[in-house]
Amino acid sequence: VPAADTFLVFDLSAGSEAASYPFDCRATPPPEGWTDEYKTTKLVLRKIPAGTFVMGSPEGELGREDTETQHQVTLSKGFYAGIFEVTQKQWSLVMGEDNWPGWFSNPFWRDSRPVEKVSYEDIRGSEDGSCWPANNLVDATSFLGKLRGKTGLDFDLPTEAQWEYACRAGTTTALNSGKNLTGTIGRCPNMAEVGRYNFNGGEDGEWDSDTSVGAATVGSYRPNGWG
């Protein structure tokens, strides 16, 4: 049974000048699903439970690097992760109305597309934010610094282990749909079911393209077992 705080929903609509970003807790998604407002003027995080998993790819998996070694990892504490990539509208609301770091910048289509032209320094900062893992400080002017300042919560990037654990959502296959990669590297129908990539339109499109090519609207593809 989902807990009352399975999802945290932050209201960013007041923009970069807001004194704070209020948030609500939810046990389940809304009946109509995560509509556009949850991808633009709101920000949704999902609680990821503590647990143990095997990190890395098994021998024989298509695309596996020779330097990989599978190993067991235990995450002793749960954490929250965004259910979508941060979108251009969300970024602009936090960082300022003139801040739209995305190649696909047509104003008719950009709001619910992910930001893809941001650096580590934009996200965490180049001064305090460069000291991880010695500490988890971030620059106050960075994206995470602004979120921390307006929520009082410890927003940060996930570690590599947290990222893979959240993406897998209990699966052990190459894809979180429960399927493996097939065919040749770079072209796979199973991959096309779960995400936009080069061979299903990802490498196509100019800056003013609609969302049928290039970067897709977040949430366009099947979510994993944790949503």
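Further up the page is the structure itself.
Residues numbered from 1 in each chain as written. Predicted model: local features only at pLDDT ≥ 70, side-chain atom pairs only at ≥ 80, totals over all residues. Heavy atoms only, no water.

## Let's talk about unusual backbone geometry
Inference 1: Here Trp132 and Pro133 are connected by a cis peptide whose omega angle stands at 10°.
Inference 2: Topologically, Pro133 is positioned in the loop between helix H3 (120-124) and helix H4 (143-151).
Inference 3: Non-glycine residue Ala169 carries a positive phi angle of around 50°. (Helix = DSSP H or I, 4+ residues; strand = E, 2+ residues; numbered from the N terminus.)

## Overview of the layout of surface pockets
Inference 1: Approximately 180 Å³ is the volume attributed to the second largest pocket.
Inference 2: Contributing to the lining of the second largest pocket are Thr52, Phe53, Val54, Gly56, Pro58, Gln70, Tyr165, Arg168, Gly170, Thr171, Thr172 and Trp226.
Inference 3: Mapped by element, the contributors of at least two residues to the lining of the second largest pocket are strand S4 (51-55) and helix H5 (160-168).
Inference 4: Element by element, the count of residues in the lining of the second largest pocket is highest for S4, at 3 residues.
Inference 5: The residue makeup of the lining of the second largest pocket, split by class, is 5 nonpolar, 6 polar and 1 charged. (1 Å grid on protein atoms, 1.4 Å probe; cavity = no way out; pocket = protein on both sides within 12 Å on 5 of 7 lines; lining within 4 Å. Points joined across faces, edges and corners; volume = space filled by probe spheres on them. Nonpolar A, V, L, I, M, F, W, Y, C, P; charged D, E, K, R; others polar.)

## A few points about the packing of aromatic side chains
Inference 1: Counting across every chain of the model gives 8 aromatic pairs.
Inference 2: Taking 4.5 Å as the distance between ring centres and 5° as the angle between the ring planes, the aromatic pair formed by Trp91 and Phe143 counts as stacked. Here Phe143 lies in helix H4 and Trp91 lies in helix H2 (residues 88-95), a separation of 52 residues in the sequence. Exposure class is identical for Trp91 and Phe143. Each is buried.
Inference 3: Summarising the aromatic geometry, the rings of Trp103 and Phe104 are spaced 6.5 Å apart at their centres and angled 70° between planes, so their arrangement reads as edge-to-face.
Inference 4: The buried category is assigned to Phe104, whose relative accessible area is 8%. (Phe/Tyr/Trp six-rings, centres within 6.5 Å; stacked < 30°, edge-to-face > 60°. Buried < 20%, exposed > 50% of the residue type's maximum accessible area, 1.4 Å probe, protein only.)

## What about the pattern of salt bridges?
Inference 1: Overall, the coordinates contain 7 salt bridges when judged by the stated rule.
Inference 2: Here Arg148 makes a salt bridge to Asp156, at a shortest N to O gap of 3.3 Å.
Inference 3: Residue Arg148 is classed as buried on the basis of its relative accessible area, which comes to 16%.
Inference 4: Residue classification places Asp156 among the partly exposed positions, given a relative accessible area of 28%.
Inference 5: Across the pair Arg168 and Glu164 runs a salt bridge, and its minimum N-O distance is 2.8 Å. (Salt bridge = Lys/Arg side-chain N within 4 Å of Asp/Glu carboxyl O.)

## Regarding the sheet that holds strand S6 (residues 79-82)
Inference 1: An order of S2-S1-S3-S6 is seen for the 4 strands of this open sheet, with the pairing classed as antiparallel. Looking along the sheet, the strands with just one partner apiece sit at the ends: strand S2 (23-26) and S6. The sheet shows a mean angle of 30° between the axes of neighbouring strands, direction not considered.
Inference 2: Here 5 bridges tie strand S1 (residues 7-11) to strand S3 (residues 42-48), and the two strands are oriented antiparallel to one another. The residue of S3 that forms the bridge with Val9 is Val44. (Pairing = 2+ DSSP bridges. Axes fitted to C-alpha atoms, helices over the stretch in contact; angles between N-to-C directions.)

## With respect to the nonpolar core
Inference 1: Counting 18 residues, the largest nonpolar core has Phe10, Leu12, Val94, Phe143, Leu147 and Phe155 as the members making the most contacts within it.
Inference 2: Among the elements of the structure, S1, S3, H2 and H4 are those that each provide at least two residues to this core.
Inference 3: Grouped together as the second largest cluster of nonpolar side chains are 11 residues, Ile48, Phe53, Leu75 and Trp226 included. (Core = buried A, V, L, I, M, F, W, Y, C linked by side-chain atoms within 4.5 Å.)

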